[in-house]
Amino acid sequence: MDELFIGSALSEVTSGGEILLPRTFHQTAQLRSQNGSLFVGLHEESRCLVVYDKAFAAQQQWDFDTRRAAFIGSNLDAHYTRLRRTFGFVEEVKLAPDGMMTLGALMRERGRIGTTALLVATGQRFEIWDLDFVLERGPADLVALATLHLKIQIANEECHVPALPSVDSRRRTGNAVQPGLRLQQMPALRPRHDPVRGVIHD
């Protein structure tokens, strides 16, 4: 497929595993999976989750079958361990029309995904990293990427613009307000007790 996941973002993760994909990720996922079905699995080596479609899964199987020839006559344990990790520790998820997807408890536990995730595109799929893990022990390039997103988030919050897409942000209708403007309730005016000028008293 020509449609590729490109870019990165921070996204909130609810206690139930709901995560709202950024619009670019959502649009690419829709193009790559017409029925909205995606797979969430473990990364081959890194401590993160990967999200991909059926076509990419089929490509992986073909790659494994090709590599298997290299293991013939030798120990096949490494080959089958990789197969189990790639196809066994996987959950199928449905992409909602608003871009919401729900990570199951098993995958959140295996990927140790907390309340905020760093999404990183890698072409035909994208990775989901726990933000705290990245900042504490992640690769240097991801630490720099996460730090940049956090700086942008802080700058946007100072301008009263939400940086992280809220889970309910695309489900709300009505009450639209210009971005960056905050409505402030004004206190009621107190009555004046001073005499009005120009009034003659007896």
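All residue numbers refer to position in the chain's written sequence, counted from 1. Local features in this predicted model are restricted to residues of pLDDT 70 or higher, and side-chain atom pairs are both shown and tallied only at a pLDDT of 80 or more, whereas totals for entire chains, interfaces and linings draw on every residue. Excluding hydrogens and water, the side-chain figures rest on all heavy atoms present in the structure.

For the rest of this paragraph, the subject is the pattern of salt bridges. Throughout this description, the term salt bridge denotes a Lys or Arg side-chain nitrogen within 4 Å of a carboxyl oxygen of Asp or Glu. Under the defined criterion, the tally for this structure stands at 2 salt bridges. Salt-bridge contacts for Asp53 lead to Arg32; the nearest nitrogen and oxygen are separated by 2.5 Å. In this pair, Asp53 is assigned in the loop between β4 (49–52) and α2 (54–71) and Arg32 in helix α1 (residues 23–32), connecting sequence segments 21 residues apart. We note that Asp53, like Arg32, is buried. Where Arg125 meets Glu44, a salt bridge forms, and the shortest distance between an N and an O atom there is 2.9 Å. Linking Arg125 in the loop between β7 (116–121) and β8 (126–130) with Glu44 in the loop between β3 (37–42) and β4, this pair joins segments that are 81 residues apart in sequence. Strands are runs of DSSP state E lasting at least 2 residues, helices are runs of H or I lasting at least 4, and numbering of each runs from the N terminus. With a 1.4 Å probe rolled over the protein chains alone, any residue whose accessible area is under 20% of its type maximum counts as buried; one over 50% counts as exposed, and the rest are partly exposed.

Once that is clear, we can look at the nonpolar core. Residues belong to one nonpolar core when they are buried, are Ala, Val, Leu, Ile, Met, Phe, Trp, Tyr or Cys, and are joined through side-chain atoms within 4.5 Å. One finds Val40, Leu49, Met101, Phe126 and Ile128 to be the most contacted residues of the largest nonpolar core, which totals 22 residues. Those elements giving two or more residues to this core turn out to be α1, β3, β4, β7 and β8. Contact between two residues is taken to exist if any of their heavy atoms lie within 4.5 Å; hydrogens are not considered. Those residues in contact with Ile128 that sit more than four places away from it in its chain are Cys48, Leu49, Val51, Leu103, Ile113, Ala117, Leu118 and Leu119. Core analysis: the second largest hydrophobic core is formed by 10 residues, Leu118, Trp129, Leu131 and Leu142 among them.

The backbone of Arg112 sits at a positive phi, close to 50°, despite the residue not being glycine. Mapped onto the secondary structure, Arg112 falls in the loop between α4 (105–111) and β7. Looking at Arg112, the relative accessible area reads 53%, which means it is exposed.

So, about the side chain of His149. Tracing the chain through its elements places His149 in helix α6 (residues 140–158). Classification of His149 as buried rests on a relative accessible area of 18%. Setting aside anything within four residues of it in sequence, one finds His149 in contact with Ser8, Ala9, Leu10 and Leu118.

Helix length check: helix α3 (residues 77–88) (12 residues) gives 15 Å between terminal C-alpha atoms against 16 Å at 1.5 Å per residue, within 8%. Among the residues making up α3, those that are buried are His79, Leu83 and Thr86. Seen end-on, α3 carries its buried residues on one side only, within an arc spanning 75°. Relative to its buried face, α3 has exposed residues pointing more than 90 degrees away, namely Asp77, Arg84 and Gly88. In this analysis, the expected span of each helix is defined as 1.5 Å times one less than the number of residues it contains. As used here, the arc is the angular range of directions from the helix axis to the C-beta atoms.

For the rest of this paragraph, the subject is the pairing of β8. Buried residues dominate β8, accounting for 5 of its 5 residues. Burial along β8 is two-sided: the face carrying Phe126, Ile128 and Asp130 and the face carrying Glu127 and Trp129 are both buried. Of the strand pairs in this sheet, β4 and β8 are connected by 3 bridges, and their pairing is antiparallel. Looking at the pairing, Val51 lines up with Phe126 of β8. One requirement defines pairing of two strands: DSSP has to find at least two bridges between them. Where β7 lies against β8, 5 bridges are found, and the strand directions are antiparallel. Within the sheet, the bridge partner assigned to Leu118 lies in β8 and is Trp129. A loop of 4 residues connects β7 with β8, the two strands running antiparallel in sequence, and Gly123 in this loop sits at a positive phi of about 90°.

Strand order in the open sheet formed by 6 strands is β1-β7-β8-β4-β3-β5, with antiparallel pairing between adjacent strands. Two strands close off the open sheet at either side, each with one partner strand: β1 (8–12) and β5 (90–94). Strand-to-strand twist in this sheet, taken as the mean axis angle between neighbours without regard to direction, amounts to 25°. Here β3 pairs with β5 via 5 bridges, running antiparallel. Paired with Ser37 across the bridge in β5 is Lys94. Lines are fitted to the C-alpha atoms to define the axes, a helix being fitted only along its stretch in contact, and any angle between axes, read from their N-to-C directions, falls within 0 to 180 degrees. Of the strands in this sheet, β1, β7 and β8 touch α6, which is tilted by about 65° from β1.

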